[in-house]
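# Structural overview for review
The primary structure of each chain is shown beneath.
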Amino acid sequence: MTVNKLPNYTKTAGLLHWLIVALVAALFCVGWFMTDLPRGAERGYFFALHKSLGLSLFFLMLLRLWWRYRHTPPPFPKTVKPWQQWFASRVHSGFYMLLFIQPMTGYLSSSFSGYSTKLFGLMLPSWASKNVVVNEFFTSVHQFSSCLLLLLIFLHIGGAISHVMRDGMVALRRIRPW
């Protein structure tokens with residue numbers, strides 16, 4: 001099979017991939033911005049936005065996991081060496097793990113912060129009371145896992161660049177949603 005005839009991911013998988021990319025980028029931007037703001041209405045707005053985007057990511061990841069379970073991804077191109085396939089599989093597994101850990105720890109941190117959690121203005125039930133120790137634990141895990149997620153993003157982009165340099169743009173066309 002030539003590199004130009006590689007099987008593609010489904011259009012839905014491509015759409016979910018790029019929606020999640022956009023959401024993760026927005027979450028990092030909002031997350032970095034909001035933590036430097038002084039306490040007040042503006043900071044509260046960006047924290048609420050970050051929480052809503054994070055919960056949206058969680059639901060999109062559930063859909064993506066369901067989709068992947070029902071639709072096997074295409075095989076690696078023959079130009080990808082076995083060690084690269086092994087490494088890419090670990091990076092993708094790490095993505096799935098961290099893209100669930102991130103929103104869950106963010107939600108749990110918020111739940112124990114004493115502040116309400118809303119999903120784009122819709123108040124979610126409050127089930128935990130303020131607990132500084134538990135809040136700080138989940139905040140620490142959330143921050144640490146965001147660093148790990150950034151590392152995986154750089155590794156993934158590096159892999160994509162190496163595919164493009166070796167095989168041309170056909171490598172990126174495999175994951176497009178159209």
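In this convention, every chain numbers its residues from 1, walking through the sequence in written order. pLDDT decides what is reported in this predicted model: residues at 70 or higher carry local features, side-chain atom pairs at 80 or more are listed and counted, and totals for whole chains, interfaces and linings draw on all residues regardless. Remark: hydrogens and water are excluded; side-chain values derive from all non-hydrogen atoms of the structure.

## What to know about the side chain of lysine 51
Strands here are runs of E lasting at least two residues and helices are runs of H or I lasting at least four, both read from the DSSP assignment and numbered beginning at the N terminus. Checked against the element boundaries, lysine 51 lands in helix 2 (residues 41-70). Only 3.0 Å separates the side chain of lysine 51 from the side chain of serine 110, close enough to count as a polar contact. Throughout, a residue-residue contact means that at least one pair of heavy atoms, one from each residue, lies within 4.5 Å. If we skip the residues at most four places from it in the chain, lysine 51 touches Ser110, Tyr115, Ser116, Thr117 and Lys118. Throughout this description, a polar contact denotes any pair of N or O atoms lying within 3.5 Å of each other; where both atoms belong to protein, one of them has to be capable of donating a hydrogen while the other can accept it, and for residues adjacent in sequence the pair is counted only when both atoms sit in side chains.

## Details of the environment of proline 7
Mapping proline 7 onto the fold places it in the segment before helix 1 (11-35). Classification of proline 7 by relative accessible area gives partly exposed; the value is 30%. Measuring from C-alpha to C-alpha, the distance between proline 7 and phenylalanine 100 comes to 28 Å, with 93 residues separating the pair along the chain. Relative accessibility thresholds used throughout: buried, under 20% of the residue-type maximum; exposed, over 50%; partly exposed, between the two (1.4 Å probe, protein chains only).

## With respect to the packing of helix 1 against helix 2
Between helix 1 and helix 2, the least distance of the axes is 9 Å, while the angle of their chain directions is 155 degrees. In terms of axis orientation, helix 1 runs roughly antiparallel to helix 2. Handedness of the crossing formed by helix 1 with helix 2: left-handed. Whenever a helix is involved, its axis is fitted only over the stretch in contact; in every case the axis is a line through C-alpha atoms, and angles between N-to-C directions fall within 0 to 180 degrees. Here is the rule for angles: anything less than 35 degrees is roughly parallel, anything more than 145 is roughly antiparallel, 65 through 115 is roughly perpendicular, and the remaining ranges are oblique. The sense of a crossing depends on the near helix, which, turned anticlockwise from the far helix by less than a right angle, makes the crossing left-handed and, turned clockwise, makes it right-handed.

## Things to note about helix 1
Here helix 1 spans 36 Å end to end across 25 residues, near enough to the 36 Å set by a 1.5 Å rise per residue. Of the residues making up helix 1, those classed as buried are Ala13, Gly14, Leu16, His17, Ile20, Leu23, Val24, Leu27, Phe28, Val30, Gly31 and Met34. On its buried face, helix 1 is in contact with helix 2, helix 3 (82-111) and helix 4 (132-167). Expected span of a helix: the number of residues minus one, times 1.5 Å.

## As for a nonpolar patch on the surface
The patches reported here contain residues having more than 30% relative accessible area and no salt bridge. Joining distances are 9 Å for like charges and 5 Å for nonpolar side chains (Val, Leu, Ile, Met, Phe, Trp, Tyr). For the accessible areas, the method is Shrake-Rupley and the probe is 1.4 Å, while residue cover comes only from the protein chains on display. Any Lys or Arg side-chain nitrogen located within 4 Å of an Asp or Glu carboxyl oxygen qualifies as a salt bridge. On the surface, Trp83, Trp86, Phe87, Phe144, Leu148, Leu151 and Leu155 cluster together into a nonpolar patch covering about 760 Å² of accessible area. Looking at the nonpolar patch, the elements that each hand over two or more residues are helix 3 and helix 4. Counting residues per element, the nonpolar patch draws most heavily on helix 4, at four residues. Its place among the elements puts leucine 155 in helix 4.

## Thoughts on the nonpolar core
We define the nonpolar core as a collection of buried residues of types Ala, Val, Leu, Ile, Met, Phe, Trp, Tyr and Cys that are connected through side-chain atoms lying within 4.5 Å of one another. Counting residues in each nonpolar core, the largest one holds 25 residues, and the members touching the most others are Ile20, Val24, Leu57, Met61, Phe95, Leu99 and Leu149. Those elements that place two or more of their residues in this core are helix 1, helix 2, helix 3 and helix 4. Sorting elements by how many residues they give to this core places helix 1 first, with nine residues. With sequence-adjacent residues up to four places away left out, methionine 61 is seen in contact with Ile20, Tyr96, Leu99 and Phe100.

## Things to note about the packing of aromatic side chains
Under the pairing criterion, centres of Phe, Tyr and Trp rings, with the six-membered ring standing for Trp, must be within 6.5 Å; the plane angle then separates stacked pairs below 30 degrees from edge-to-face pairs above 60, leaving the rest tilted. A complete count under the given rule lists ten aromatic pairs for this structure. When the ring of phenylalanine 112 is compared with that of phenylalanine 138, the centres are 6.3 Å apart and the planes differ by 15 degrees; the resulting orientation is stacked. Within this pair, whereas phenylalanine 112 is found in the loop between helix 3 and strand 1 (118-119), its partner phenylalanine 138 is found in helix 4, the two being separated by 26 residues in sequence. Note on phenylalanine 138: relative accessible area 17%, which makes it buried. Members of the aromatic cluster, joined through ring pairs, are Tyr107, Phe112, Trp127, Phe137 and Phe138.

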